[in-house]
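For reference, the chains in residue letters:
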Amino acid sequence: MTDTIPAITVGRTCPFDPPDGSAELRERGPVARVRLFGGHTAWLVTGHAEARALLADPRVSSDQSKPNYPVLQPTHTRLTDLDTTVVFNDPPKHTRLRRMLISSFTVRKIAALRPKIERIVTERLDAMIAAGPPADLLASFALPVPSMVICELLGVPYEDHEFFEEQSRHRRDPDGQALQNLVTYLRDLVQKKIYKPGDGLLDDLIAEQVAEGKLDHDELAMMGMAMLVAGHDTTGHMISLGTMLLLSKPDQLAKVRADQAVIPGAVEELLRYLTIATFLPRTATEDIELGGHTIKAGDGVVVASSIVNREHSDELDVDNSMRQHLAFGFGIHQCLGQNLARAELEIAFRHLFHRIPTLRLAVPVDEVSRRPEAVLSGVTELPVDW
Ligand code: HEM
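Please read these numbers as outputs of a predicted model, since none were measured by experiment. (Residues numbered from 1 in each chain as written. Predicted model: local features only at pLDDT ≥ 70, side-chain atom pairs only at ≥ 80, totals over all residues. Heavy atoms only, no water.)

Engineer: Hey, could you run me through the sheet that holds strand E9 (residues 360–361) in this one?
Structural biologist: Taken in spatial order, the three strands line up as E4-E10-E9 in an open sheet, and their pairing is antiparallel. Of all strands in the sheet, those with a lone pairing partner are strand E4 (135–136) and E9, marking the two edges. Pairing geometry for E4 and strand E10 (residues 383–385), over two bridges, is antiparallel. Bridge assignment links Asp-136 to a residue of E10, and that residue is Pro-383. (Pairing = 2+ DSSP bridges. Helix = DSSP H or I, 4+ residues; strand = E, 2+ residues; numbered from the N terminus.)

Engineer: Even after reading the chapter, I still don't get the layout of surface pockets, so can you show me in this structure?
Structural biologist: Unoccupied space between atoms shows up once a probe the size of one water molecule is rolled over them. Considering only enclosed or pocket space, the second largest pocket measures out at about 490 Å³ in volume. In terms of lining residues, the second largest pocket is bounded by 23 residues, among which Gly-155, Lys-193, Gly-198, Asp-199 and Gly-200 are the most central. Elements that contribute at least two residues to the lining of the second largest pocket include exactly helix H4 (107–131), helix H6 (144–154), helix H8 (177–195) and helix H9 (201–210). In terms of residue count, the dominant contributor to the lining of the second largest pocket is H4 (five residues). In terms of residue class, the lining of the second largest pocket is built from eight nonpolar, four polar and 11 charged. (1 Å grid on protein atoms, 1.4 Å probe; cavity = no way out; pocket = protein on both sides within 12 Å on 5 of 7 lines; lining within 4 Å. Points joined across faces, edges and corners; volume = space filled by probe spheres on them. Nonpolar A, V, L, I, M, F, W, Y, C, P; charged D, E, K, R; others polar.)

Engineer: Is there a simple way to explain the environment of Val-210 in this structure?
Structural biologist: Looking at where Val-210 falls in the secondary structure, it is placed in helix H9. Sequence-wise, Val-210 and Leu-220 are 10 residues apart; in three dimensions their C-alpha atoms are separated by 8.1 Å. Excluding its chain neighbours within four sequence positions, the residues that come into contact with Val-210 are Ile-194, Leu-205, Leu-215, His-217 and Leu-220. (Contact = heavy atoms within 4.5 Å.)

Engineer: Quick question: what am I supposed to make of the pairing of strand E2 (residues 41–45) here?
Structural biologist: A regular strand places its side chains so that they alternate between the two faces of the sheet. Within E2, four of the five residues are buried, leaving the element largely enclosed by the surrounding structure. Across five bridges, the pairing between strand E1 (residues 31–35) and E2 is antiparallel. Counted as the bridge partner of Val-31 is Val-45 from E2. Joining the antiparallel neighbours E1 and E2 is a turn of five residues, in which Gly-38 adopts a positive phi near 90°. Across three bridges, E2 lies against strand E8 (residues 300–303) in parallel orientation. When the sheet's bridge partners are listed, Trp-43 is paired in E8 with Val-301. (Buried < 20%, exposed > 50% of the residue type's maximum accessible area, 1.4 Å probe, protein only.)

Engineer: Any chance you could explain the nonpolar core here in plain terms?
Structural biologist: Note that soluble globular proteins tend to have their nonpolar side chains buried in a common cluster. Of all hydrophobic cores here, the largest spans 86 residues; its most connected members are Phe-141, Leu-154, Phe-164, Leu-186, Leu-201 and Phe-353. A total of nine residues in this core trace back to one element, the largest contributor, which is helix H15 (residues 338–355). Look past the residues within four positions of Leu-201 in its chain and what remains in contact with it is Leu-101, Ser-104, Phe-105, Leu-153, Leu-154 and Met-227. Listed in part, the 16 residues of the second largest apolar core include Val-31, Leu-280, Val-308 and Leu-326. (Core = buried A, V, L, I, M, F, W, Y, C linked by side-chain atoms within 4.5 Å.)

Engineer: Sorry, what's going on with the site of the ligand here?
Structural biologist: Neighbouring the ligand are 25 residues; His-94, Arg-98, Arg-282, His-333 and Cys-335 lie closest to it. Between the ligand and Val-87, the relevant distance is 3.5 Å, taken from an oxygen atom to a main-chain nitrogen or oxygen of the residue. Taking Arg-282, its side chain carries an N or O atom lying 2.7 Å from an oxygen atom of the ligand. Looking at the shell around the ligand, the elements with two or more residues in it are helix H3 (93–102), helix H10 (217–231), helix H11 (233–247) and strand E5 (280–284). Split by residue class, the shell around the ligand holds 16 nonpolar, seven polar and two charged. (Near = heavy atom within 4 Å. Polar contact = N/O pair within 3.5 Å; in protein donor to acceptor, adjacent residues only side chain to side chain.)

Structure (structure tokens):
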């Protein structure tokens, strides 16, 4: 019998578009079988209504230890030492962890971070401009901004910001040294904060959870790491890919430059169009009827958010975005940091295009090197000139 189940590709030939072969996958219907890396099969959800229904369904699990949890790339490793990571937990533990964090992401807390984000963005641009063109926008701007913002979010003292930023930039180095340095640093910081409280997410959690015996010191340090893992590369790759996309679409960039009021909508549209968190993996815990199929208990399911978000349009239009896109997911795991990420993106794009009106790509789009086969889409450097 011929195998008619198509394989899904994680890599993107065009860094702005969903993975290769997406059009064919979409044609197979909103819910269809696919073959994953390593030969396992899973369900792929490409329809918007079906994706939202599945992500809101209590009969799916995000637990990476489930036998059929969809593995999408060869480098996929289970973050066993990060099991306080909200995103890989199911209720009731997920509910408990998420509730702890919610008070650090309120509208008021994000509003209070805005002036700090403005300062960080301005300082980074000053340094990049002073060093003169050309520059690697990823290393000198797009990645440092979110790691500095996470310092402010967590309550890392100002004098440690450079160290924290440097270590987070090397967090994925194969020798694991920077990752270890960060864990050690956060453990020490938690100890210091117990005796000398400051202002930030770690301090909030010490006052609200550690003092009550609901979280121990080590779990708190890991919670800090989890925030870095969730909010650093994601925001950094959105800043760099978003810049690259706008620079390659002059008509859209002109609208962003002409009127600052366009920027929030443009951010939303860039999030939708790029959907850098390409796939959202789940496992069914009970039988689920979806799109005319029965997803059996134990089956792996992958929501192809990057494909779903193009159902609205394959064109980028900064004046006309879609409200209910899935770039931040949907349901109980919907991105906790989304309003912080929006604030960072708005402030980063506003200052970048205002301060450097002649900014341009230093190499053609197809020569910019990509992150290889990564579920989180991005580039490895972004050469720019002005
Ligand atoms: C543009 C930047 C960002 C993007 C595209 C993004 C995307 C996402 C997505 C798609 C999810 C859901 C994953 C799933 O359902 O499996 C998620 C969850 C999460 N994100 Fe973000 N994120 C961004 C920035 C941030 C920032 C800045 C923070 C915080 C510092 C953050 C913290 C979290 C947390 C804690 C979760 C887990 C929520 C839960 O499981 O309840 N994210 N993010």
